[in-house]
Amino acid sequence: MRASALLLIPLLLFMLLVDVYTWRGIKPLVARIGYRLVRQFIRIIFWGISILIFAAFILFVFGIKHVKQAEAYIFAGWLVAGFALFYLPKFVFIVFVLIKDIQLAVSGLIRWFRKKKSSKDLKVKSGRKMERAEFLYQMGLFLAAIPFASILYGVTKGKFKFRVMRERLNFNRLPESFKGLKIVQISDMHLGSFNKKYEPIEKAIELINEQEPDLIFFTGDLVNNFAEETEGWAPILKKMNAKIGKYSILGNHDYGDYSEWKTPKEKAKNLAAIKGFHKKIGFKLLLNETETIRINDEEISLIGVENWGKPPFPQHGDLKKAMENVDPNSFKLLLSHDPSHWDAEVLGKTDIELAFAGHTHGMQFGIERAGIKWSPVQYKYPRWGGLYKEKQQYLYVNRGFGYIGFPGRIGMPPEITVVELV
């Protein structure tokens, strides 16, 4: 039996335990419903959904080898979404069932130490206990509805609710001709995850063009893993318009490191096709090199490095090589997929004024309201989303255009960044 199958058994047993315990709390509430057909319908829906998720896990483990790897990514994502949608709320609910069980255990111990009460007294207390239990279960259902609604919104609407984030940055060394330069940054498309849903992306492209950018930067992760994910997307993505030019880099997912290949040649062919797609949509792919951008008689340097990340992520990026022919006196912009690269090799070690990164997705989950800025990803990446400044150097981390793994976004909308240099 494969290792994945061995892991499946305890997972399914755990899920079954959660289901049984959840139903134990829901059952007395369902019993109060006057219509028998409604009670049966609720019972069928509850256990039917669980059986479907069980079957999906079994199918994933034993049948996934029979489908394309690109399709397996999508299936795995929806499996994660199904688990999150129906089991995270159950985890919330069973906390209240557990509280009630603890109360019953404690009260049982107390009664054991006390003298016996009259049967009438016991009957009154039993009724009150039932009322308190139902109140706890109702409260649990109410609170469990919050993650359910949030996850449902995230996988249906939230992942396509694109927002425009704006920054105006002042630089003393910026050439006069570049003052007012408007840059749009997007990152982490992960085209395979969209599963050919073109319409919402077309609207996002229209939103990009409405910003009337001078430059468009794409900071990596075009695909999840495979060049075939780009099929059908060129006519849509090439519609992005920039007055001066469009530039891009590679992200960690673009190298095909997260899949199995029959031969190194097959993997290299996949990467070459991904690189070629950038040209198809009008982007100049910067591979550890610098592009000089000129307006009138003035110029700035745009440096683009391949992916550089902390282990286990690959370090194909070579900043030293990319800057070999850079004018030391020029104003410098950097495209680097992983924000940890900025701290490791840019900050305080170069005079690069502004860097653009992505990679984190803001974990596709977080809170950014009322002065609160939090996402679980910050414990891995301290610079995970938005603008960061140290002395006279800036880093902007885009929260991502697409999604991977979990097919949704909760409190962390997909982002189109607009940076104006003044």
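For the structure, check the block above.
Below, the structure is looked at part by part. Residue numbers here run from 1 along each chain, matching the order of that chain's written sequence. For this predicted model, a pLDDT threshold of at least 70 governs which residues receive local features, and a threshold of 80 or more governs which side-chain atom pairs are given and counted, while totals over whole chains, interfaces and linings are taken from all residues. Side-chain metrics in this entry use all non-hydrogen atoms of the structure; hydrogen atoms and water are not considered.

Next up on the list: the pairing of strand β14 (residues 415-421). Note on exposure labels: buried denotes an accessible area under 20% of the residue type's maximum, exposed denotes more than 50%, and partly exposed covers the range between, all computed with a 1.4 Å probe on protein chains only. Put simply, DSSP H or I for four residues or longer makes a helix, DSSP E for two residues or longer makes a strand, and each gets a number counted from the N terminus. Of all seven residues that make up β14, six are buried, and the element is covered over most of its length. Paired strands, as defined in this entry, are two strands with at least two bridges between them according to DSSP. Examined bridge by bridge, strand β1 (residues 163-169) and β14 share seven bridges and lie parallel to one another. Residue pairing in the sheet places Arg-168 in a bridge with Glu-420 of β14. One ladder, built from five bridges, connects strand β2 (residues 181-186) with β14; its direction is antiparallel. Its bridge partner lying in β14, Val-184 is registered against Val-418.

Turning next to the pattern of salt bridges. Oppositely charged side chains may form a pair once their charged atoms are brought near each other. Whenever Lys or Arg places a side-chain nitrogen within 4 Å of a carboxyl oxygen from Asp or Glu, that contact is recorded as a salt bridge. Per the stated rule, a full pass over the model turns up 15 salt bridges. For Glu-291, the salt bridge goes to Lys-284, with nearest N and O atoms at 2.7 Å. The class for Glu-291 is buried, based on a relative accessible area of 18%. Where Arg-399 meets Glu-368, a salt bridge forms, and the shortest distance between an N and an O atom there is 2.8 Å. Of the two residues, Arg-399 is situated in the loop between β13 (393-397) and β14 and Glu-368 in strand β10 (residues 367-369); the sequence distance between them amounts to 31 residues. Accessibility expressed as a relative area gives 3% for Arg-399, which makes it buried.

Here we come to the sheet that holds strand β12 (residues 386-390). Within the open sheet, the six strands sit side by side as β6-β7-β8-β9-β13-β12. Their pairing is mixed. Taken across any chain shown, the strands that pair with only one partner, and hence form the sheet edges, are β6 (289-295) and β12. When the angles between neighbouring strand axes are averaged without regard to direction, this sheet yields 20°. The pairing of strand β7 (residues 298-304) with strand β8 (residues 331-335) spans five bridges and is classified as parallel. Note that in β8 the partner of Leu-302 across the bridge is Leu-333. Whenever a helix is involved, its axis is fitted only over the stretch in contact; in every case the axis is a line through C-alpha atoms, and angles between N-to-C directions fall within 0 to 180 degrees.

Okay, the side chain of Ser-248 next. Position of Ser-248 relative to the elements: it lies in strand β4 (residues 245-248). Discounting chain neighbours no more than four positions away, the residues touching Ser-248 are Phe-218, His-278, Phe-283, Lys-284, Leu-285, Leu-286 and Leu-335. Note on definitions: a residue-residue contact is assigned when non-hydrogen atoms from the two residues lie within 4.5 Å.

Within the largest apolar cluster, 29 residues are counted, with the highest numbers of intra-cluster contacts made by Met-189, Ile-201, Ile-208, Leu-237, Met-240 and Phe-401. Taken together, the elements giving at least two residues each to this core come down to β2, α5 (191-194), α6 (198-210), β3 (215-218), α7 (234-237), α8 (264-280) and β14. Among the elements that make up this core, the one with the highest residue count is α6 (four residues). We define the nonpolar core as a collection of buried residues of types Ala, Val, Leu, Ile, Met, Phe, Trp, Tyr and Cys that are connected through side-chain atoms lying within 4.5 Å of one another. Phe-178, Phe-331, Leu-354 and Leu-421 belong to the second-largest nonpolar core, a separate cluster that totals 24 residues.

The subject of this paragraph is helix α3 (residues 69-113). Taking 1.5 Å of rise per residue, 45 residues should cover 66 Å, and α3 covers 63 Å from first to last C-alpha, within 8% of that figure. Along α3, the sharpest kink reaches roughly 30°, centred on Ala-84. Expected span, for any helix, means 1.5 Å times one less than how many residues it has. A residue's bend is simply the angle between two axes: one fitted to the seven residues ending at it, one to the seven starting at it.

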